[in-house]
Amino acid sequence: MGTLIKNGDIITATERMRADVYVEDGIVQAIASSLDAKPGDRVIDASGCYVFPGGIDVHTHLDMPFMGTVSTDDFETGTRAAAIGGTTGVIDFVMPERGQPLLDALEVWHAKARGKAVSDYAFHMAVTHYSDAVGRELPQVVEAGITSFKTFMAYKGSIGIDDAGLFQVMRKTRDLGALVTVHAENAEVVDGLVREMVAEGKLHPRYHALSRPALAEAEATHRAIALAEINARSLYIVHLTCDEALAHVKHAHCRGQHVMAETCPQYLLLDDSRYEGPDFEGAKYVMSPPLRKPKDNEALWQAIAAGYIQTVATDHCPFDFQGAKQMGRDNFAKIPNGAPGIEDRLALLYTYGVVPGRISLNRFVEVFATNPAKIFGLFPRKGTVAVGADADLVVFDPTIKGRISASTHHQRVDYNPFEGFETIGAPTHVLINGQLAVEGGKYVGEPGTGRYLPRKPSTTVRNTGHLEGVATGF
Ligand code: URP
Ligand code: ZN
Ligand code: ZN
């Protein structure tokens with residue numbers, strides 16, 4: 001049985017066209033101004049609606065052990081909530097334990113996702129320590145279909161890597177056509193400030209933000225960019241939060257260096273006043289890097305529009321407020337870092353980005369789906385609406401009004417950092433690989449239908465270290 005989506009406005013990163021889309025065998029088979037259904041086909045009337053490519057969230061932490069607990073969404077609940085919100089693919093992080101062979105950790109992550117994910121998924125490989133043995137494994141990781149490596153410049157003493165390790169990861173993966181991604185915060189500064197504040201009895205959640213200043217992020221961002229330039233290679237900076245760090249990305253672009261940056265809805269829409277909430281409420285926003293100032297929110301929106309930031313992901317890493325977050329009630333340093341968001345990315349970007357005119361519809365599609373697919377080697381199979389692409393599609397009704405709440409969301413976590421945010425527009429139908437997964441806001445698909453996506457080196461990784469254009473995005 002095929003599916004015909006009729007009369008929608010298809011939006012890609014570059015086009016808008018009123019056309020019908022015919023889907024069969026999991027693939028987009030035809031796009032034309034008027035198509036007819038075959039007997040037995042499902043017909044979706046998309047009059048007045050947009051048809052977007054399904055979103056790709058390239059920064060999620062599902063079922064991840066971290067800071068003495070485990071993130072609460074697994075691959076089933078997380079990808080299901082994502083689908084309801086219009087995200088039909090995720091790239092999650094394999095997190096090897098210290099000393100664990102990377103390929104062993106990969107098997108652990110395959111076991112977490114296999115038979116559970118409802119959408120297709122891929123993995124980044126975190127390199128949390130470096131040794132010659134790790135160096136020898138890097139090509140095998142790429143052969144296993146993982147063409148992006150994650151390094152944490154923060155988290156000293158746990159998952160963080162030092163400069164020597166980061167330098168080796170950049171060097172050893174350069175000729176593999178793989179991308180290095182960094183969480184950029186100066187580990188020594190953060191560690192020093194955390195120790196100082198704890199020793200002084202400054203234990204409230206506000207000290208999480210005060211111990212991780214914007215300049216510590218900016219310094220690490222600059223260092224990562226310099227290390228990438230020394231190695232003449234591309235760089236991808238995850239969850240960039242502030243104007244100070246952005247300045248280094250802009251400078252790199254102006255010099256023609258191939259540096260890409262991601263931000264997340266929380267850094268666009270929330271600020272550090274959240275840490276002052278009563279009754280330990282600030283713990284809900286303890287994530288790293290922390291929330292910044294309203295001026296940073298605005299700078300990030302402008303950077304998306306101008307092309308300095310290429311993707312908006314979520315860094316979905318949920319912990320219950322009345323659960324794991326309480327481990328830090330008496331000490332901010334023990335609050336597990338992370339917050340949910342996998343379900344709300346489309347609604348927030350559309351409502352607070354497209355509707356007020358901060359970004360165009362095309363730019364929204366680009367940062368939500370197309371650039372994530374291009375940068376991480378999934379395009380054109382994913383990330384666009386095109387004949388021959390996987391039929392991961394969102395029919396989006398821009399007239400539906402809503403309000404985000406933990407009482408109605410589908411993420412497996414007891415709070416929502418965007419509680420009370422009004423939303424404009426919502427997916428009415430979501431197709432994943434041609435199968436109807438969401439109808440009228442409800443999940444109607446099968447569990448475990450998601451497939452692992454082994455990736456080939458990305459065509460946008462240019463390990464020459466330089467951009468062809470300047471500050472144009474892509
Ligand atoms: O606070 C966060 N972001 N937790 C998840 C791990 C990371 O740094 O991305
Ligand atoms: Zn991070
Ligand atoms: Zn993260």
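For the structure given in this document, a descriptive report is provided here. Quick caveat: nothing in here was measured; it's all calculated off a predicted structure. (Residues numbered from 1 in each chain as written. Chains lettered and ligands numbered in written order. Predicted model: local features only at pLDDT ≥ 70, side-chain atom pairs only at ≥ 80, totals over all residues. Heavy atoms only, no water.)

### Some remarks on the overall build of the chain
- Each helix and strand counted, the chain has 12 helices and 19 strands in total.
- Rg of the C-alpha trace for the chain: 21 Å, near the compact-globule value of 23 Å for 474 residues, within the 12% margin.
- Judged by the C-alpha coordinates and their principal axes, the chain covers about 70 × 50 × 40 Å.
- Within the chain, buried positions represent 62% of all 474 residues.
- Of all intrachain contacts in the chain linking residues separated by at least 6 positions in sequence, the fraction that spans at least 24 positions is 76%. (Helix = DSSP H or I, 4+ residues; strand = E, 2+ residues; numbered from the N terminus. Rg over C-alpha atoms; globule rule 2.2 N^0.38 Å. Buried < 20%, exposed > 50% of the residue type's maximum accessible area, 1.4 Å probe, protein only. Contact = heavy atoms within 4.5 Å.)

### Considering the coordination of the zinc ion (ligand 3)
- Within the first shell, the zinc ion (ligand 3) binds the protein through His59 (NE2), His61 (NE2) and Asp315 (OD), at distances of 1.9 to 2.1 Å.
- Taken in sequence order, the residues that donate to the zinc ion (ligand 3) follow the motif H-x1-H-x253-D.
- According to the relative accessible area criterion, His61 is buried, its value standing at 5%.
- On the basis of relative accessible area, Asp315 is assigned to the buried category, the value being 10%. (Donors = N, O, S within 2.8 Å, 3.2 Å for Na, K, Ca; no water.)

### Digging into the packing of helix α11 (residues 345-354) against helix α12 (residues 361-375)
- Between α11 and α12, the least distance of the axes is 11 Å, while the angle of their chain directions is 150 degrees. With respect to α12, the axis of α11 lies roughly antiparallel. Crossing geometry of α11 relative to α12 is assigned as right-handed. Here α11 contributes Arg345, Leu346, Leu349, Tyr350 and Val354 to the contact with α12, which in turn contributes Leu361, Phe364, Val367 and Phe368.
- Looking at side-chain class alone, the contact of α11 with α12 contains eight nonpolar, no polar and one charged residues. (Axes fitted to C-alpha atoms, helices over the stretch in contact; angles between N-to-C directions. Parallel < 35°, antiparallel > 145°, perpendicular 65-115°, else oblique. Left-handed = near helix turned anticlockwise from the far one by under 90°. Nonpolar A, V, L, I, M, F, W, Y, C, P; charged D, E, K, R; others polar.)

### A word on the state of the cysteines
- The full count for this structure, using the stated rule, is zero disulfides.
- A disulfide-free cysteine, Cys254 has its sulfur positioned 18 Å from the sulfur of Cys242, the nearest such atom.
- Looking at Cys254, the relative accessible area reads 52%, which means it is exposed. (Disulfide = S-S within 2.5 Å.)

### Things to note about the coordination of the zinc ion (ligand 2)
- The zinc ion (ligand 2) binds to the protein through His183 (ND1) and His239 (NE2), with metal-donor distances spanning 2.0 Å.
- Taken together, the four donor atoms surrounding the zinc ion (ligand 2) define angles of 56 to 149 degrees at the centre, an arrangement classified as irregular.
- Between the zinc ion (ligand 2) and the zinc ion (ligand 3) the interatomic distance amounts to 3.7 Å. Residue His183 is located in strand β12 (residues 179-183), and its partner His239 is located in the loop between β13 (235-237) and α8 (243-254); the two are separated by 56 residues in the primary sequence.
- Residue classification places His239 among the buried positions, given a relative accessible area of 2%. (Tetrahedral: all angles 85-135°; square planar, octahedral: opposite > 155°, others 65-115°.)

### Some details on the pairing of strand β14 (residues 259-263)
- The buried fraction of β14 amounts to five of the five residues, a majority that puts the element mostly inside the structure.
- Taking every second residue as pointing to the same face, both faces of β14 are buried, with Val259, Ala261 and Thr263 on one and Met260 and Glu262 on the other.
- As judged from the three bridges shared by β13 and β14, these two strands associate in the parallel manner. Each residue of the ladder has a partner; that of Tyr236, found in β14, is Met260.
- Assessed by its sense of winding, the connection that carries the chain from β13 through α8 to β14 is right-handed.
- Bridge count for β14 against strand β15 (residues 311-312) is two bridges, and the pairing is parallel. Note on β15: the bridge partner recorded for Glu262 is Thr311. (Pairing = 2+ DSSP bridges. Right-handed = clockwise from strand over helix to strand, strands pointing away.)

Keep in mind these numbers describe shape, not what the thing actually does.
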